[in-house]
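# An overview of the molecular structure
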Amino acid sequence: MIDTDKYEGHAKEGWHFDSAHVLRDGYDKEITELVGEDWLDDKATQALIADAPLLLEEVKRLRSIIEMVSYDLEWYPERLDQNKRQLEYNIRKWKGEEE
């Protein structure tokens, strides 16, 4: 399991690469620079790096859901049907089937 606590305090806002392949935060502060020809056309890796804060938040959100459901299953088994309906709704929403 990834220890997400070690990322506390990271630059959070709007990571993006500029035209010189420098990763910047939303305040245009330089985070790092990609060096070497291999990086110039590697848009997928650049996108993954730039989305790191969003991915971290999604991991935290999903962990909290898992924790909540696990707790309810252990201490409130009578809520199983309610949790199942909520999870089904969340899955439909995630798939874009719910507004």
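The paragraphs below set out a description of the structure included in this document. Just so it is clear, the structure is predicted and the values come from calculations on it, not from any experiment.

## A few points about the nonpolar core
If you look at the biggest cluster of nonpolar residues, it comprises five residues: Trp 15, Phe 17, Leu 23, Leu 34 and Ala 50. Those residues in contact with Phe 17 that lie beyond four places of it in its chain are Val 22, Leu 23, Leu 34, Gln 46, Ile 49 and Ala 50.

## Some thoughts on the side chain of Arg 24
Tracing the backbone shows Arg 24 in strand S2 (residues 22-24). The exposure class assigned to Arg 24 is buried, which follows from its relative accessible area of 18%. Within the structure, the side chain of Arg 24 is placed 2.8 Å from the side chain of Asp 18, a separation counted as a polar contact. Not counting residues within four places of it along the chain, the set of residues in contact with Arg 24 comprises Gly 14, Trp 15, His 16, Asp 18, Lys 29, Glu 30 and Ile 31.

Criteria and thresholds
- Residues numbered from 1 in each chain as written.
- Predicted model: local features only at pLDDT ≥ 70, side-chain atom pairs only at ≥ 80, totals over all residues.
- Heavy atoms only, no water.
- Core = buried A, V, L, I, M, F, W, Y, C linked by side-chain atoms within 4.5 Å.
- Buried < 20%, exposed > 50% of the residue type's maximum accessible area, 1.4 Å probe, protein only.
- Contact = heavy atoms within 4.5 Å.
- Helix = DSSP H or I, 4+ residues; strand = E, 2+ residues; numbered from the N terminus.
- Polar contact = N/O pair within 3.5 Å; in protein donor to acceptor, adjacent residues only side chain to side chain.

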